[in-house]
Amino acid sequence: MARGMGHVQKKILLLLLGGLALGLSGSPNRYFYILRTMKKAWKEIDEEKLRRSIRSLYHAKMLSENSNPDGTVTIMLTEKGKRRALTYDIENMSIPRPKKWDGKWRVVLFDIPEKYKKTRDLFRIHIRSLGFYEFQKSVFVHPFECIDEIEYLVKFHNIGSHVRFILAEAIDDETSLKHHFGLTRK
């Protein structure tokens, strides 16, 4: 596929990835949220565009299909398709802002070797895009719940042995951090 991915193709990859997330979801609330979101998103895709996009993704080796004994066909993401879908998911990722801050700081520290410089730089770009404050060169801080997002990025980049996550009650010079994030503790 020479040209870039179309909107419908991206959506199909993300929806199929959502199916994978369903299988991995440990929380019933999360399961039903993913299910509702996926059902609505599938309905929004025009049937003819869906067929064309699936065919195109299949030819690009991002999808595979298995024929079932009952005559149905199962469409699955290939490893290449999973990787692409994760990339699109990262582009849309954000950390929700709660109504009230819990007063805790989420600190991400990493020491990614020089031989993985591109991965390190990309990880730094991703956590900045999530709104993290760069406290030091490889130390980033955020005030809101984000462990799922960090675990996702760490898994995506395959850098688990190089990244640590700390939940801190206080940080010296909190005033400037609170100002940066527009926070007041009540």
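Residues numbered from 1 in each chain as written. Predicted model: local features only at pLDDT ≥ 70, side-chain atom pairs only at ≥ 80, totals over all residues. Heavy atoms only, no water.

The next subject is the packing of aromatic side chains. Throughout the structure, instances matching the rule amount to four aromatic pairs. With centroids separated by 6.2 Å and ring planes inclined at 50°, the aromatic side chains of Trp105 and Phe181 adopt a geometry described as tilted. Taken together, the residues span a long stretch of sequence, with Trp105 in strand 3 (residues 105-110) and Phe181 in helix 7 (residues 174-181) at a distance of 76 residues. On the basis of relative accessibility, which here comes to 0%, the residue Trp105 falls in the buried class. In this structure Phe181 comes out as buried when scored by relative accessible area, which is 10%. (Phe/Tyr/Trp six-rings, centres within 6.5 Å; stacked < 30°, edge-to-face > 60°. Helix = DSSP H or I, 4+ residues; strand = E, 2+ residues; numbered from the N terminus. Buried < 20%, exposed > 50% of the residue type's maximum accessible area, 1.4 Å probe, protein only.)

Before going further, it helps to spend a moment on the pairing of strand 1 (residues 63-67). Where strand 1 meets strand 2 (residues 73-77), five bridges bridge the pair, whose relative direction is antiparallel. Bridge pairing links Leu63 to Leu77 in strand 2. The antiparallel hairpin formed by strand 1 and strand 2 contains five residues in its connecting segment, where Gly71 sits at a positive phi of about 95°. (Pairing = 2+ DSSP bridges.)

Here we take up the nonpolar core. By size, the foremost hydrophobic cluster in this structure holds 29 residues, and its most contacted members are Trp105, Phe110, Phe123, Ile127 and Phe132. Taken together, the elements giving at least two residues each to this core come down to strand 3, helix 5 (117-129), strand 5 (139-142), helix 6 (147-157), strand 6 (163-168) and helix 7. (Core = buried A, V, L, I, M, F, W, Y, C linked by side-chain atoms within 4.5 Å.)

Let us now look at the sheet that holds strand 6. Read across the open sheet, the four strands follow the order 4-5-3-6; overall the sheet is antiparallel. Looking at which strands have only one partner, the edges of the open sheet turn out to be strand 4 (133-136) and strand 6. Across the sheet, the mean angle separating the axes of adjacent strands is 30° when strand polarity is ignored. Strand direction decides the pairing type here: strand 4 and strand 5, joined by three bridges, are antiparallel. What sits directly across from Tyr133, in strand 5, is Val141. (Axes fitted to C-alpha atoms, helices over the stretch in contact; angles between N-to-C directions.)

In this section: the environment of His157. Counting through the fold element by element, His157 comes out in helix 6. Residues His157 and Phe123, 34 residues apart in the sequence, show an inter-C-alpha distance of 7.3 Å. Among all residues touching His157, those that are not within four sequence positions of it are Thr119, Leu122, Phe123 and His126. (Contact = heavy atoms within 4.5 Å.)

Let us now look at unusual backbone geometry. Even without being glycine, Asn158 reaches a positive phi, approximately 60°. One non-glycine residue, Asp173, adopts positive backbone phi at about 60°. Here Asp173 shows up in the loop between strand 6 and helix 7.

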